[in-house]
Amino acid sequence: MRKWKSGLSNIALVTALAFGLAACNEKSAEAPKAPTAADAAAFVKDAEEQLFREGVSLERKAWVQANFITVDTSAITAEADEAYTALGVKLANEAKKYDGLALDGETRRKLDMLKLALTLPAPADAAKTSELATIKANLDATYGTGKVEMDGKSQTLDDMMEIMANDHDPERLLAAWDGWRKISMPMKADYARMVDIANEGATELGYKDVGAMWRAGYDMDPDEFAAMVDKLWADVKPLYDALHCHVRAKLSDYYGDRVVPDQGPIPAHLLGNMWAQEWGNIYPLVKPEGVEGASLDVTSLLVDKGYDAKKMAATAEGFFVSLGFEPLPQTFWERSLFTRPQDREVTCHASAWDIDGKDDLRIKMCARVNAEDFVTFHHELGHNFYQRAYKNQDPMYRTGANDGFHEAIGDMVALSMTPGYLQQIGLIDTVPAGGDPVPALMRQALDKVAFLPFGLMVDKWRWQVFSGAVQPAQYNEAWWKLREEYQGLKAPNERPADAFDPGAKYHIPGNTPYMRYFLARILQFQFYKAACDQAGWTGPLHECSIYGNKEVGEKFKAMLEMGASKPWPEALEAFTGSREMSGDAILAYFAPLKEWLDEQNKNRTCGW
Ligand code: X8Z
Ligand code: ZN
C-alpha cells in the first residue's frame, strides 16, 4: 500500500477523544490500569492492520487523482489524506503510552516505527489537519499541471526537459529554465503554512521539528545520521570537485568565457537537466578527447531498434527475471501508465505503486524513448520487486530497510547495463573492442557523481526550513546558497523577489524526503560491488554485469524479503558483509576516471 514517491504519511487529531473521555466517565474513580507488555503487543498489531487497511483505501484514491487531476479528485484525495493523517496521529500518540515499558524488541521497534509513519504529521486539531491535507493536494496539483508558455504555445514539463536535455542555445535554455520556475512562485505562501502546521504536529509527537523526525528514521541517533551523511559526502567530494572542474572548463570552451567563466560557480541552465541534478545529456560537450574508446549512445540504440515505453519496461523486467524474480503480474501491464495521455492532466513524475500489499503493482510514468527513462524504468521496477519481495512481512515491515535502500535497488540493477549486456539483449550486435574506460566512465559519472551534492542539498535546505533556521523570506536565497556551496552552481539570472525555486522540483511540493536519493547513490555501488564480488568478477568494476546470475539474485532477493524487519545494517550485512554505508565502492568504480580528471585539471584552477 505504500507508493514510492511522496510519502503517504500524515496524521493528526483525535487524541483528545482517546485520552480525555475516561475522566468524565463515572467509573473514573478506579485508578487507570497501567498498560502491560501484552497491551502494547495487541495495540501494535491492531494499529498496523488499521493503517494498512486505510492505506490501501487512500492509495486507490491517490492513484485516481495522480492519473486524472481535477478539482474533484484533488478534493477526494485531500479528504482521504486528512482521515489517514488523523488516524496516524492518533495511533502515534497512543504509542507514547508504552514509552518506558519493558517490551520485546519487535514490539518496541514497531512502536518506534508507528511514531514515524507519517511524512508530515498534523497537530491534534481537526481544522489544521484538514488545512494541511488541502494544502498538500493543491501543491501536488500545481506542480502536476504546471505549464510554460514558450514558442507561442503552452508546454509541459516534459517539453521543457527535452529542451534542457538537447538544446545548446543558452537563450532557449534560459527561457525553458526560467519558465518552469514561474510555476512554483504561487506555492510559497502555502508551503510556509504547511511547514508551520506539520512542525506543530511533529512537536506534539515529541520531535523538535519535521526535519528532526525525518532524521529519526534510520535506526540510529538523528544527529549521528546527519554526521554520517556529511562524512559520506566528504569522502566522495574530491571526485565531484574533479568532475566539476573538467565540466566547467569544457563548457567554458564551448559557450565562451562570457557565458561560463572558467572560475566560480557554473550557471545552472547549461548542465542538460532542468535541475542540474544529472548531467549525462551534456556528454557530447564535455567528452574526453584524444582518448581511444567510446561511450555507447543508448538513446540512439533504443530509437534505432524501435523501442517504445512498454518495450523498455519489459526489458527492465527481463533483467529482474534473469536474476530469478517472478515476472510482473498481468495487471501491471493493464493498469500502469507508461506515457503522457493527451486528454487529461496527470502527475508525470515517475513513481511505483503497491496498491494492495499483495500483487497489484503498477508504475506511472510519462516516458520518452531515451537512455534516461530506460534507467528510470529499472529504477521504478526496483521499487516494485522490493514491494513484492517483502509482502509477507507484517504490515509495519513492508518497506525498505531504509528509504535509501528502496531507491537503490533498480539503480543497482541498471549499473549492469554494460556493452556486454546490451549485446545479450540485442541492442548492439558486437561489443566494441577494448579501448580506454574513460569515455564510458565519464558518461556514467555525469549522472551518478554529479547527482551527489544535489541529493544532499535538497534536504539540507528542508532541514533548515523545518528547524526555523531559514524563514520564508529567505527560502530562495538559502536554496541558492546551498546550490552554490555543495554543487558549485549559480542561478543563471537574477531571481525575482517572489521566486520559490525549490518548488520547481517535484519532491518539494510533493513532500518526498530527498536524502534517500543521496544514500541510494552511495548504496547502489555498494550493492553492485558486492554482487560482482559474489559473481567472482575480477575485471574492471564498471564492466561487470550480473545479468542472468541466479545465485546473486537469490542473495539479493533474501535482502529484499527482509523489508524493514531488521535495522538496516543487518540487511546491508546480509548482502554485502558490511554494516556500514561507505563511499568506497563508488570511488573504486570511478577510480580510472578520477586519475584521468586529475591529469586534465592539472593546469586548471578548480573549485568555486
Ligand atoms: O524521484 C525519483 C524517482 C522516483 S522515486 C523517479 N528520482 C529522483 C529524482 O528524479 O529527482 C530518481 C533519482 C532522483
Ligand atoms: Zn524511486
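Let us now look at the coordination of the zinc ion (ligand 2). With distances of 2.0 to 2.1 Å, the protein atoms coordinating the zinc ion (ligand 2) are His379 (NE2), His383 (NE2) and Glu407 (OE). One way to put it: the four donor atoms around the zinc ion (ligand 2) meet at angles of 89 to 129°, and that makes the site tetrahedral. Taken in sequence order, the residues that donate to the zinc ion (ligand 2) follow the motif H-x3-H-x23-E. Note that His383 is positioned in helix α15 (residues 371-389) and Glu407 in helix α16 (residues 403-414), a separation of 24 residues in sequence. Glu407 gets classed as buried once you look at its relative accessible area, which sits at 1%.

Lining the immediate surroundings of ligand 1 are 14 residues, of which Gln277, His349, Lys505, His507 and Tyr514 lie closest. Tyr517 places a polar side-chain atom, nitrogen or oxygen, 3.3 Å from an oxygen atom of ligand 1. Contact with the protein chains removes 90% of the 370 Å² of surface that ligand 1 exposes when unbound. Looking at the shell around ligand 1, the elements that each hand over two or more residues are α15 and α20 (515-534). With three residues, α15 is the largest single contributor of residues to the shell around ligand 1. Of the residues in the shell around ligand 1, the class split is five nonpolar, five polar and four charged.

Taken as a whole and assessed by the stated rule, the structure comprises three disulfides. For Cys245, the disulfide goes to Cys606, at an S-S distance of 2.0 Å. For the disulfide bridge between Cys245 and Cys606, the dihedral angle about the S-S bond is near -80°, and by the sign convention the bridge is left-handed. In this pair, Cys245 sits in helix α10 (residues 222-255) while Cys606 sits in the segment after α24 (591-600), placing the two residues 361 residues apart along the sequence. In this model, Cys348 is linked to Cys366 through a disulfide, with the two sulfur atoms separated by 1.9 Å. The sign of the S-S torsion, about -80°, decides the handedness of the disulfide formed by Cys348 and Cys366: left-handed.

Our next topic: the nonpolar core. One finds Leu251 and Trp279 to be the most contacted residues of the largest nonpolar core, which totals 168 residues. Sequence-distant contacts of Trp279, that is, excluding residues within four places in its chain, are made with Tyr240, Leu243, His244, Val247, Leu271, Leu446, Asp447, Ala450 and Leu489. Counting residues in hydrophobic clusters, the runner-up holds 22 residues, among them Val44, Ala47, Leu91 and Leu114.

Here strand β4 (residues 351-354) shows two buried faces, one formed by Ser351 and Trp353 and the other by Ala352 and Asp354. Examined bridge by bridge, β4 and strand β5 (residues 361-364) share four bridges and lie antiparallel to one another. By the bridge assignment, Asp354 is partnered in β5 with Leu361.

Below, the discussion takes up the packing of helix α2 (residues 37-67) against helix α4 (residues 105-115). Two numbers describe how α2 lies on α4: the axes approach to 10 Å, and their chain directions differ by 45°. The orientation of α2 with respect to α4, classified from their angle, is oblique. Considering the relative orientation of α2 and α4, their crossing is left-handed. Note on element contacts: α4 touches α2 through Thr107, Lys110, Leu111 and Leu114, opposite Ala40, Ala41, Phe43, Val44, Ala47, Glu48 and Leu51.

Close contact between helix α13 (residues 309-322) and α15 brings their axes to 9 Å; oriented N to C, the two are set at 50°. On the basis of the axis angle, α13 is oblique to α15. Our pair here, α13 against α15, has a crossing hand that is right-handed. Together, Ala309, Met312, Ala313, Thr315, Ala316, Glu317 and Phe320 of α13 and Asp373, Phe374, Phe377, His378, Leu381, Gly382 and Phe385 of α15 make up the contact between the two elements. Partitioning the contact of α13 with α15 into residue classes produces nine nonpolar, three polar and two charged.

Below, the discussion takes up the confidence of the model for the chain. Summing up the model confidence of the chain, the mean pLDDT is 94 and the portion of residues at 70 or higher is 95%. Across residues 5-27, where pLDDT falls below 50, the model places 72 contacts with residues more than four positions away in sequence or in other chains.

Rules of the game
Residues numbered from 1 in each chain as written. Chains lettered and ligands numbered in written order. Predicted model: local features only at pLDDT ≥ 70, side-chain atom pairs only at ≥ 80, totals over all residues. Heavy atoms only, no water. Donors = N, O, S within 2.8 Å, 3.2 Å for Na, K, Ca; no water. Tetrahedral: all angles 85-135°; square planar, octahedral: opposite > 155°, others 65-115°. Helix = DSSP H or I, 4+ residues; strand = E, 2+ residues; numbered from the N terminus. Buried < 20%, exposed > 50% of the residue type's maximum accessible area, 1.4 Å probe, protein only. Near = heavy atom within 4 Å. Polar contact = N/O pair within 3.5 Å; in protein donor to acceptor, adjacent residues only side chain to side chain. Areas by Shrake-Rupley, 256 points an atom, 1.4 Å probe, with all protein chains shown as cover. Nonpolar A, V, L, I, M, F, W, Y, C, P; charged D, E, K, R; others polar. Disulfide = S-S within 2.5 Å. Core = buried A, V, L, I, M, F, W, Y, C linked by side-chain atoms within 4.5 Å. Contact = heavy atoms within 4.5 Å. Pairing = 2+ DSSP bridges. Axes fitted to C-alpha atoms, helices over the stretch in contact; angles between N-to-C directions. Parallel < 35°, antiparallel > 145°, perpendicular 65-115°, else oblique. Left-handed = near helix turned anticlockwise from the far one by under 90°. pLDDT = per-residue confidence, 0-100.

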